[in-house]
Amino acid sequence: MDLGKGSNKSSANSPAVIGLIAVITVLLGVGGLVIAQLTPVLFPDQASAEANQIDQLFKVMLGIGGSIFLLVQGVLIYSIIRYRKRQGDNTDGPTVHGNVTLEVVWTAIPAVVVLGLVIYSYQVWVDIQEPKEDELVVHVEARRFGWTFLYEDERLTAGNGNGNENSNATRFPAPDLHVYAGQPVRLVMETEDVIHSFWVPEMRIKQDLLPGRTTEMRITPQLVDGRASDEYPLRYRVVCTELCGSGHGAMFTYVYLHEDEESYMQWVDSSVESVLNPPEDPVLNGMRIMASGVYGCQSCHALQDSREGMTLSWDAVTGPSLQGIADRASTRVSGQPAEEYLYESIYDPGAYIVPGYGNIMNQYQFVNPDAAHYLPKPDAEAITAYLCTVSDEFTPEELAENPLCDFDNLLSYSEMYTMDGMN
Amino acid sequence: MATASYPMDGVAGQVKRPALAEYFTWSIDHKIIGVQYIVTSLFFFIIAGALAMLIRWELMTPEITVMADGSQYNTLFSIHGTMMIFTWIVPFWAGLGNYLIPLMLGAKDMAFPWLNAFAFWLLPPSGFLLILGFFIGPAEAGWTSYPPLSTIYSPDGQTLWALSIHLVGLSSILGAINFIVTIKNMRPPSMGWFQMPLFAWATLATSIIVVLATPFLAGALTLLLLDRVAGTTFFDATSGGDVLLWQNIFWFYSHPAVYIMILPGFGVLSEVLAIHSRKPIFGYRMIALSSMAIAIVGFTVWAHHMFTSLQPELRIPFMITSMIIAVPTGIKIFGWLGTIWGGRIRLNSANLFSLGFLSLFVIGGISGVMLAAVPVNIHMHDTYFVVSHFHFVLYGGSVFAIYSALYHWWPKITGRMLDERLGKIHFVTTYIGFLGTFMPQHIVGMQGMPRRVAVYDPQFQDLNVLISLFSFLLGISTFFLLYNMVVSTVAGRVAGANPWRALTLEWQTTSPPPAYNFAGEPVPFEDPYGYGTDASKAYLDAMESRFGPSPGAEEERRPPSGALPEPQPAGD
């Protein structure tokens, strides 16, 4: 890294000059090494095996880049001090047009360095791409502005009571990604609308989701240095990194990194259980459906609720808050009862737009199971029944006495809505 | 087009500037057009800069607080990026090239004066269309406008956006054809290719890129417009279209466009550093030819912008070419360091911005090589690390070069000097504001903050507040330049023909130059950077006796003979 040094004084081959160049080269190398030590500070946790390799590659590049940085800034500052124009000196500098040896050197050395980096980067890339044995396959669905994760489970079969007759019947949905240390994961990703991009900074891997294509990426989660056992499952953000519209910044969810398979399987078992044995009570079933994340409600709405061991803790801001929605549902459209307003808002969100929000919610369909936004009628009824009980003004006991919705009317409205074939 | 200025041999300071009204008319004088470009682009720079201030204001909190909603925030950075690129940096270089190229070549005007005027007058409507978008729902899909966000999901302003870029693209192509023809045909007989000033080489390389690449942008925009207004489905995957088609065509233009924005800046540096270090450029041929190498290799790297969307097996070849392009850029940086080494470095505003360019651009170059590595890129892609990288090359690079060019050629264009004290304040505030704004963005990005978000992880708030505060300093720093320009125009010190004692031809005429630039046929000095020789001194003295001493060069005036200080030891 002694580029640019030789042009200073005459007799470039004298031992003194060669010695000086050697000293400067060593100093630049040491400087680069010191700068490279910043790497772990700059990056977040290393929660995947890929992170180790990528950080190491970055460290090498930071070291080399650091040396070049010090060389250029060093020559620059030295020149500005040493060769600045002195007061009253109006002479010109020496008429030096170049130095072929030097020019060859500072072309050849960077060329060799970048070729080395190409080879190194290529090896890391091939390693990361390598299919692993026994990968856990998770299907990822993205839409404006949220994520749904679908897990295969052999206990699930078509028509198992979740009301879903489509191909997702053998999968259970989750609003968050769950993985465990040491288990390689393959994400199979599709988008329902625009381009999105899946990124977990702590796992370093990123891949776009492209309309009309299925894209894949691999992650091998690992235990994170310095984290105690009781901190698990570790929670990191999954963020969207491709501009997708007004809610792009708020389009994040979480990945839960379990310490071991046991902890992960506990989560799987409870998720499967809730699909196989949904609550009989339509209100609780509606809450279960929303909590599962299958329709991505959590991506845009805020709602804090806790019942029967289920908890919703949503704080999204893209859509209007659902907190206490039952109290105001009947006031939104003059003459429209609460249950009809809520039900219609699921299938035809543009019918009434809450002031301050855009008409950007997905248009769900109940006819075609293969449609991008399929939401079967029983699910819509259950969700409506649940939302009818989301009240800030009344206690559950008071609601049991005087419900805010007419559930019989809900069923007949639902029937009529279907007959109309409005979508 | 008649200007009111005529050469007054031997009498400095009595040259009249063109009347103000001329700048608001259809003129085919390249000097008028050059100034029209420069002033128009400065106007859009201020608007786009104000948008950046709003962006930074919003980002002081991790929720949406300043803007009404996410869409409104998206319009800020979409229009900020579009304006900065298409109505500030690209047209500024067209303007500077317009002003300087005929002068540097000793020509009377550009090859096609009428076409030149036409190319300029496409620019104001283009910027106007972008601004008009704010009244009908502006483009909010970023300056890259990826479909289907920019087709199915965007308001009507997106159509205006595409029309606007179409106009500015056409303007760019027409200007570039003009430059190529002018540089090829209008040099004086004694000026061979390798006696051209390096700014002309850079403009030539830039123009070749423009002519080859910009038609692809026009093609992509046409498809986008058809999808938006004519019901076609080129980019609609649900009807057989492909979203990657846009990305490929768009970046096939837009990566070379990076060099369209930076190569003229390289040219400026080669002029400014040599002239203000009083030394020949180090390795003229390597610097000239590396511009051409960059222009060629620049066409083979576009897909490194698509490392997270491109098919995985296609990423490797683009990684290789993207890393290789660092080599010709490195040649230039080392060549410039060789140029200042051993010189008599004047630390005036023009040179400070060029030296500042060197120190900042090398950081952008290093982060560029990092981003070229696919494994590193898939972590950094679309994060603030990338935002930082391209601001280091486009602000620390292009804009610093623009500032340097303004301080350097302002005396030629206006006949007045800019105030050096204000210029130094401008440099220091810009440099500190820039570093404070963009250095920490590397860290925010690596830690996990994506670009183009108004809502972000609250753990990044502290750094974002810091970044915003420095960005406000950066915003304020611009006003030192604007104020300086106004004061200089009204009451600046008279410059004279050649205040820098520069050898290139644009300085061998009055400031500002008369109509048709030169009285008689100008004779260029044999070597545009031949400083330090007796011949060059004789040439400059002859010119000084012809055009009179340059009052602007007060502190540069040679001391009385006999008082010469000991020369510094000569280089090898």
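Residues numbered from 1 in each chain as written. Chains lettered and ligands numbered in written order. Predicted model: local features only at pLDDT ≥ 70, side-chain atom pairs only at ≥ 80, totals over all residues. Heavy atoms only, no water.

Q: It is not clear to me how the sheet that holds strand 2 (residues 146–152) of chain A should be interpreted in this structure. Could you clarify?
A: Hydrogen bonding along the main chain pairs the strands of a sheet, whether they run parallel or antiparallel. Residue and element names in this part refer to chain A. The strand order across the open sheet formed by five strands is 3-2-1-5-8, and the pairing between neighbours is mixed. Either end of the sheet is taken by a strand with one partner, and the two such strands are strand 3 (171–174) and strand 8 (215–219). In this sheet, adjacent strand axes meet at a mean angle of 30 degrees when their direction is disregarded. (Pairing = 2+ DSSP bridges. Helix = DSSP H or I, 4+ residues; strand = E, 2+ residues; numbered from the N terminus. Axes fitted to C-alpha atoms, helices over the stretch in contact; angles between N-to-C directions.)

Q: Help me understand the interface of chain B and chain A, please; the structure alone is not making it clear to me.
A: Accessible area lost upon the coming together of the parts is a frequently used measure of interface size. In this complex, chain B contributes 97 residues to the contact, which on the side of chain A involves 86 residues. Regarding the contact of chain B and chain A, the summed buried area is about 8,200 Å², with carbon and sulfur atoms giving 67% of it. For the pair chain B and chain A, the interface holds four salt bridges. Across the pair A:Arg213 and B:Asp242 runs a salt bridge whose closest N-O atoms are separated by 2.5 Å. Looking at the side of chain B that touches chain A, the elements with two or more residues in it are helix 2 (70–104), helix 7 (243–277), helix 8 (284–297), helix 9 (315–324), helix 10 (326–340), helix 11 (349–372), helix 12 (374–380) and helix 14 (420–447) of chain B. Top contributing element to the side of chain B that touches chain A by residue count: helix 11 of chain B, with eight residues. Its residues placed into classes, the side of chain B that touches chain A shows 55 nonpolar, 25 polar and 17 charged. (Contact = heavy atoms within 4.5 Å. Buried area = accessible area lost by both parts, 1.4 Å probe. Salt bridge = Lys/Arg side-chain N within 4 Å of Asp/Glu carboxyl O. Nonpolar A, V, L, I, M, F, W, Y, C, P; charged D, E, K, R; others polar.)

Q: Is there a simple way to think about the packing of helix 4 (residues 123–132) of chain B against helix 5 (residues 157–185) of chain B in this case?
A: Packed helices, taken two at a time, are described by the angle their axes make and the gap between the axes. Residue and element names in this part refer to chain B. Here helix 4 crosses helix 5 at 165 degrees, and the two axes come no closer than 8 Å. By the angle class used here, helix 4 and helix 5 are roughly antiparallel. The two elements helix 4 and helix 5 cross, and the hand of that crossing is left-handed. Contacts between helix 4 and helix 5 involve Leu123, Pro125, Ser126, Leu129, Leu130 and Leu132 on the former and, on the latter, Leu160, Trp161, Leu163, Ser164, Leu167 and Val168. Broken down by class, the residue content of the contact of helix 4 with helix 5 amounts to 10 nonpolar, two polar and no charged. (Parallel < 35°, antiparallel > 145°, perpendicular 65-115°, else oblique. Left-handed = near helix turned anticlockwise from the far one by under 90°.)

Q: Help me understand a nonpolar patch on the surface, please; the structure alone is not making it clear to me.
A: A contiguous nonpolar surface patch, about 520 Å² in accessible area, is contributed by B:Phe128, B:Leu132, B:Phe134, B:Phe135 and B:Ile136. Turning to its location among the elements, B:Phe134 is positioned in the loop between helix 4 and helix 5. (Patch = residues over 30% accessible without salt bridge, like charges linked within 9 Å, V, L, I, M, F, W, Y side chains within 5 Å. Areas by Shrake-Rupley, 256 points an atom, 1.4 Å probe, with all protein chains shown as cover.)

Q: How should I be thinking about the nonpolar core in this particular structure?
A: Note that soluble globular proteins tend to have their nonpolar side chains buried in a common cluster. Among the nonpolar cores identified, the biggest contains 260 residues, and A:Trp147, A:Tyr151, A:Leu187, A:Phe198, B:Leu96, B:Met323 and B:Trp336 are the most heavily contacted of them. Looking at this core, the element that brings in the most residues is helix 7 of chain B, giving 21 residues. Counting residues in hydrophobic clusters, the runner-up holds 37 residues, among them A:Val354, A:Tyr364, A:Leu375 and A:Cys405. (Core = buried A, V, L, I, M, F, W, Y, C linked by side-chain atoms within 4.5 Å. Buried < 20%, exposed > 50% of the residue type's maximum accessible area, 1.4 Å probe, protein only.)

Q: Any chance you could explain unusual backbone geometry here in plain terms?
A: Only a minority of non-glycine residues have a phi that is not negative, and only a minority of peptide bonds are not trans. Residues and elements named next belong to chain B. In this structure, the amide linkage connecting Pro147 to the following residue, Pro148, adopts the cis form with an omega of 5 degrees. Topologically, Pro148 is positioned in the loop between helix 4 and helix 5. A cis geometry characterises the amide bond from Ser511 onward to Pro512, with omega recorded as -10 degrees. Relative to the helices and strands, Pro512 is located in the loop between helix 15 (461–491) and helix 16 (534–547). Its identity is not glycine, yet Arg501 carries a phi of approximately 50 degrees, on the positive side. By the element assignment, Arg501 lies in the loop between helix 15 and helix 16. A positive phi angle, close to 75 degrees, is found at Asn517, a residue other than glycine. Residue placement: Asn517 occurs in the loop between helix 15 and helix 16.

Q: Looking at this structure, how should I read the state of the cysteines?
A: Covalently bonding the sulfur atom of one cysteine to the sulfur atom of another cysteine gives a disulfide. Under the counting rule described, the total for this entry stands at one disulfide over all chains. The thiol of A:Cys240 is not disulfide-bonded; the next cysteine sulfur, from A:Cys244, is found 4.0 Å away. (Disulfide = S-S within 2.5 Å.)

Q: Whenever I open this one, the packing of helix 4 (residues 100–129) of chain A against helix 10 of chain B confuses me. Can you help?
A: Interhelical geometry of helix 4 of chain A versus helix 10 of chain B gives an angle of 140 degrees and a closest axis separation of 9 Å. In this structure, the crossing between helix 4 of chain A and helix 10 of chain B has a hand that is right-handed. Contact residues: A:Trp106, A:Thr107, A:Pro110, A:Ala111 and A:Val114 in helix 4 of chain A; B:Val327, B:Ile331, B:Phe334 and B:Gly335 in helix 10 of chain B. When grouped by side-chain class, the residues that make up the contact of helix 4 of chain A with helix 10 of chain B number seven nonpolar, two polar and no charged.

Q: Teacher, can you tell me more about helix 4 of chain B here?
A: Helical geometry note: an α-helix holds 3.6 residues per turn, so side chains three or four residues apart project in the same direction. Residues and elements named next belong to chain B. Of all the positions in helix 4, only Leu123, Ser126, Gly127, Leu129 and Leu130 are classed as buried. Seen from one end, helix 4 has its buried residues packed into an arc of 150 degrees, which puts them on one side. Structurally, helix 4 contributes buried residues whose contacts are with helix 1 (30–58), helix 2, helix 3 (113–121) and helix 5. (Arc of directions from axis to C-beta.)

Q: I keep staring at the confidence of the model for chain B and nothing clicks. Help me out?
A: Close inspection of predicted coordinates is inappropriate in any region flagged by low pLDDT. Residue and element names in this part refer to chain B. Averaged over all residues, the pLDDT of chain B is 91; the fraction at 70 or higher stands at 94%. The low-confidence segment residues 1–13 (pLDDT under 50) makes 33 contacts with residues lying over four places distant or belonging to another chain. Considering only residues more than four positions removed or in separate chains, one finds that residues 556–572, a stretch of pLDDT under 50, has 30 contacts. (pLDDT = per-residue confidence, 0-100.)

Q: Any chance you could explain the pattern of salt bridges here in plain terms?
A: Between side chains of opposite charge, a pair can form when the charged atoms approach closely. Residues and elements named next belong to chain A. The full count for this structure, using the stated rule, is 23 salt bridges over all chains. Note that Arg218 is salt-bridged to Glu135, the shortest N-O span being 2.5 Å. In this pair, Arg218 sits in strand 8 while Glu135 sits in the loop between helix 4 and strand 1 (136–143), placing the two residues 83 residues apart along the sequence. Taking relative accessible area as the criterion, Arg218 reaches 18% and is therefore assigned buried.

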